[in-house]
Amino acid sequence: MSSYIILPQPPTITNQSPKDYIIDPRENIVIHCDAKGTPHPSFSWTRNGTHFDTDKDPNVSLKPESGTLVVDISRVKAEQYEGTYQCTARNIHGTAISSNIVVRQSRSPLWSKEKIQDIVVPEGVSLVLPCEPPTGLPPPILFWMDSSELPSLRYQYYEFRVSQSLNGDFYFSNVLQEDSRNDYICYARFTHTQTIQQKQPIKVKVLNTPAGAREPTFLVPSGSSSFKTVLRGHTLEMECIAEGLPTPEISWTKVSGDLPSGRASEMNYNKTLRILDVSESDAGEYRCTARNELGSARHSIHVSVTAAPYWIRGAPRNLVLAPGENGVLTCRASGTPKPTVTWTMNGVPIENSPKDPSRRVEDDTIIFTDIQSGSSAVYQCNISNVHGYLLSNAFVNVLSEPPRVLTPSNQVNQVIRNHRALIDCSAFGSPIPVITWFKGSRASTLDGDPYILHENGTLEVPNAQARDSGRYTCVARNTLGTYENHVSLEVKEPTRILKQPDYKVIQRGRPVVFECKVKHDPTLLPTMTWLKDKGELPDDERFIVDSDSLTINDVTENDAGVYTCIMNTTLDHDSASARLTVVERPDPPSDLELTDQKKRSVQLTWTPGNDHNSPIQKFLIQYEDSLHHRGHWHNLTEVPGTKTTAHLKLSPYVHYTFRVLALNGVGFSHPSYHSRVYKTDGAAPDENPTGVQGFGTEHNNLVISWKPLTGLQANGPGLHYKVMWRQKAPGSDWTVVTVANNSKFVVSGTPTFSPYELKVQAVNDYGPGPDPPIAHGRSGEDLPIAAPENVRVNVLNSTLAEVHWDPVPFDLIRGHLKGYKVYYWRKHSLHKHNPDHMEQDILTFSGNHTRGMLPGLHPFSLYSFNVRVFNGKGEGPASHSQQFKTPQGVPGPPTSLIVTNPNLDSLTLEWRPPHDHNGHITGYTLKYQPVNNSNDLGPVEELALAANETSVTLLNLKYSTRYKFYLNAKTVTGAGPAATQEAITSLDEAVASRQVDIATQGWFIGLMCAIALLILILLIICFIQRNKGGKYPVKEKEDAHTDPEFQPMKDDDCTFGEYSDNEDHKPLKGSRTPSNGTVKREDSDDSLVDYGEGGDGQFNEDGSFIGQYSGKSASRDTAEGHESSEAPSPVNAMNSLNSFV
């Protein structure tokens, strides 16, 4: 169904020309009048109060479907059609009329020809140049210019002293000789005709006869007070122009209150006070005050505000009423003086209109009661006073119409969650229908919280949520019927920017990426837009827009600005902005200038370059010395980035050229252009060489060296050095030589290692430098000529001795004492079996020591030693060699410990004596204890063995039990470290020995062969299983230990010393245990300082590994201990087979 309804309607004026209509006489006259109504209205005009027959005037026509009047002035003058026009629009339901339109043509008359006399005034007096423009329509814009047709007067002369008044006159508070001109011209610009007229030039000559100073007086307005009337809503302009010497200054106040804030402004150097949109509150007394140093003047302006008629509640509104309804037309306005109200109906005074019993007029109101069909009409309300009038048309349309909903049926309304939803139900009917809303099943009307029903039928959901989505029904009812319409509401998720673009500071030439990640309702189509400074992005391929980012490659300075990402959907949008600052190294400074030039200083100034958005942190000043080091620039000083001058301290005899570099957060600028050359005069050196020292390269010379002065330090030409020295002894004289182009001097024939005093002084052609300080040095060293005396030794224990000596006298050292060296060597062990050792060891004791410790000695040994002093040249002679003996110590562990002949309850242990006896072996101690399957240790048994024994057989052991053995040697000092071993008592050997008496029986041999064959088969199966995935215990232990020590397997008895590494962590019951919980072999080596543990493992001829037991981690021990006890080695099984065979 179409939403457009054709209903009868009286005319309504929709467009008309202004009341005061000024036309351009060069163009056709167009007086606008448009209206609407049903049926479409017809138009007619009156001119100066009488009917204007447009059909009879060939120069006049009406636009089609419009009342707009067009006058063709190509054959007539426009002024013939000046007058007051009024338009009338009619149809069968009423008549509407326009305001009175006064048509006048614009005029721009010329100034009258006149002879203007030259003006001659003395300097300092006031002067007024009259403008007196001709009367134009509308009034012209006035300004003053000179004959060059450039507004030089307009812009150069206006100041506190000179100004133009509101009427165009040109005022001088006091004149100066420079005000003399031949061409002061007042111009009038007429805006409608775009023409400019000018007054005859005025010549002003100011004489050089100054007038005296005087207090201010007002040139305009005159007197002490004046009055001004202004219309409400217009602009009020008041001016005060004063004369005086010195030039007065103007200020404004309102006596009865403050100047209106926001609407009042002082212009023309405070000479004009302007108030916009004047209201009644602006009436009152205003005071302008002119002041100079001699006094002041005041003028009061009394302002009254009148008003043309203006609406209080707006113009009367059209009425659409059903028969029998009531209504009111109100035409309420105000003005000063109070306006009068007159009513017309269809353009006819209401008192002359047909009587209507339902209508009653009460001043500015028409009341309709129980109106009936046929009462439709257009009423005109005219409100007027002396300042103007208001004319308004309002129709009363009496209709009988059933309700109709104009909103399209099944319209879908979409809204963002948490936003206000407005669901329209635009309805028409007469009487006006009542709107009711339902949702869904229409269980109840939607007329309360949270819904809001507006007068026009619109339903508002103030804060829409997802639950508000659905189908809504609006029902329009009046006395003539009911009309329903269905619409839908969809609540969508809001668009939100999850990651906003970040502020970026980027160096020019690099890329930058702004990220803008967005979340939106999936049913809405999003569009991402990027803006730069609120405008479109530049059309440049460097700008790459992706779905959630903007990339700018090769950034330039023009790319700096604010970038905004906007995500738009059909319902909402979200945006975020970030600034891009493009930085670059600063431009080099410029305009280097040297000022305040002195012998040893100069002031350098410069102009900073563009910092490219990164503040300058400092300036670096460099110089080039074109006299000594042309082409090389050196840093001189730095100044903060806020300064542009530097006071530079200079050196004599230098040809300076300066340049400046600027540093910001990006880096240094290029150097500036260099300054002019600044030459300083020469002078004697300000300083002497540093680093003066004396030393000898031979025993009979002294080398004097120093750090030479640089060219900048030389201060002048002819630089050389005055070298002085003398022996440090009473009565010694200075020897002086001159050295040039060198930084050392060699003095020959000096006594060995004698002290000297040294001085080096710088000299140039301008004279010597300051008196140099004395430095100290010595001539060359020679080898010491004496050995330490009173050398003696104190043996502290079996491995440590302390050597003492007396220091060598200083004069016999013949150089810088570096220290003493002790040479010592072990001649041989005191044990008869050990050979001699002649390898020397050296211990160095730096400095002036008189004793030293000799660590790491071998016990029970004979040592020789001597002591020597040494200096920077070398060693002196050795002292007489002396000897000392070390006492006995504890012996090393036995060299080997093996298990032989394991039997059911016995086995034999064999060993070799320790490699290091460290004294006389007095015997051995054997300790052993059983170990069960869970690696727990049993009670300890102990045997004392003679020194000459190398084996022992243990009887009465437990059957098939694993034992752990500990064997150590002893001297008088004590017991040494133990060698350890493990073994298992064997059942196989016992069975074989018991059956030896029947071994020759045939049946027994056959049985044994069968058993052997069966065992062999089982062994083969076992080996196959092992090869598939089992572990060989011995191999596993060899792989698992970095320093394994195993009991060898002997060919002669086929027994195998089972190894387990976890038992060393188990202490012997009733015995002392080392701090680490293990029993180790502790061989002593020949180290001078520390003690290392004993020797490497060895291999037997059959490839089995010989070593000592060493402990490992407890967790690993437990695992391997279980494996050892639960998975016997196949070698043992083979041994058992051999026993049976």
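Look up a bit, the structure's there.
Keep in mind that what you see is a predicted model, and the values were worked out from it rather than measured.

*Asks:* Whenever I open this one, the sheet that holds strand β80 (residues 907-914) confuses me. Can you help?
*Replies:* Pairing between the strands of a sheet comes from backbone hydrogen bonds, and it takes one of two forms, parallel or antiparallel. The sheet built from three strands is open, its strands ordered β79-β80-β83 with antiparallel pairing. The strands lining the two open edges of the sheet, one partner per strand, are β79 (894-900) and β83 (951-954). Neighbour-to-neighbour, the strand axes of this sheet turn through a mean angle of 15°, independent of strand direction. In terms of strand pairing, β80 meets β83 through four bridges, oriented antiparallel. By the bridge assignment, Leu 909 is partnered in β83 with Val 952.

*Asks:* What am I meant to see in the sheet that holds strand β43 (residues 452-453) here?
*Replies:* The strand order β40-β44-β43 describes an open sheet built from three strands, whose pairing is antiparallel. With partners counted over all chains shown, the strands left at the sheet margins are β40 (421-423) and β43, one partner each. Sheet analysis places β43 next to strand β44 (residues 459-461), joined by two bridges and oriented antiparallel. Each bridged residue has a counterpart across the sheet, and for Leu 453 the counterpart in β44 is Leu 459.

*Asks:* What should I look at first to understand a nonpolar patch on the surface in this one?
*Replies:* A contiguous nonpolar patch, built from Leu 1013, Leu 1014, Leu 1016, Ile 1017, Leu 1018, Ile 1020, Ile 1021 and Ile 1024 and spanning about 730 Å² of accessible area, is present on the exposed surface. Mapped onto the elements of the fold, Ile 1017 is located in helix α5 (residues 1002-1028).

*Asks:* For this particular structure, what's the right way to read the packing of aromatic side chains?
*Replies:* Two aromatic rings, taken as a pair, are described by how far apart their centres are and by the angle between their planes. Inspection of the entire model under this criterion finds 24 aromatic pairs. Seen in terms of ring centroids, Phe 52 and Tyr 85 are 6.1 Å apart; in terms of plane orientation they differ by 70°. Their pairing is edge-to-face. On the criterion of sequence distance, the pair formed by Phe 52 in strand β6 (residues 50-52) and Tyr 85 in strand β9 (residues 83-91) is long-range, its members being 33 residues apart. For Phe 52, a relative accessible area of 9% puts it in the buried group. A relative accessible area of 1% means that Tyr 85 is categorised as buried. Summarising the aromatic geometry, the rings of Tyr 928 and Phe 965 are spaced 5.9 Å apart at their centres and angled 40° between planes, so their arrangement reads as tilted. You can see Tyr 928 sitting in strand β81 (residues 923-931) and its partner Phe 965 sitting in strand β84 (residues 962-970), a full 37 residues away along the chain.

*Asks:* Got a minute to help me understand the environment of Val 206 in this structure?
*Replies:* As for its placement among the helices and strands, Val 206 is situated in strand β19 (residues 202-207). Separated by 82 residues in the primary sequence, Val 206 and Gly 124 place their C-alpha atoms 8.9 Å from one another. Not counting chain neighbours up to four residues away, the residues in contact with Val 206 comprise Val 121, Pro 122, Glu 123, Val 175, Leu 176, Gln 177, Asp 179 and Ser 180.

What counts, and where the lines are drawn
Residues numbered from 1 in each chain as written. Predicted model: local features only at pLDDT ≥ 70, side-chain atom pairs only at ≥ 80, totals over all residues. Heavy atoms only, no water. Pairing = 2+ DSSP bridges. Helix = DSSP H or I, 4+ residues; strand = E, 2+ residues; numbered from the N terminus. Axes fitted to C-alpha atoms, helices over the stretch in contact; angles between N-to-C directions. Patch = residues over 30% accessible without salt bridge, like charges linked within 9 Å, V, L, I, M, F, W, Y side chains within 5 Å. Areas by Shrake-Rupley, 256 points an atom, 1.4 Å probe, with all protein chains shown as cover. Salt bridge = Lys/Arg side-chain N within 4 Å of Asp/Glu carboxyl O. Phe/Tyr/Trp six-rings, centres within 6.5 Å; stacked < 30°, edge-to-face > 60°. Buried < 20%, exposed > 50% of the residue type's maximum accessible area, 1.4 Å probe, protein only. Contact = heavy atoms within 4.5 Å.

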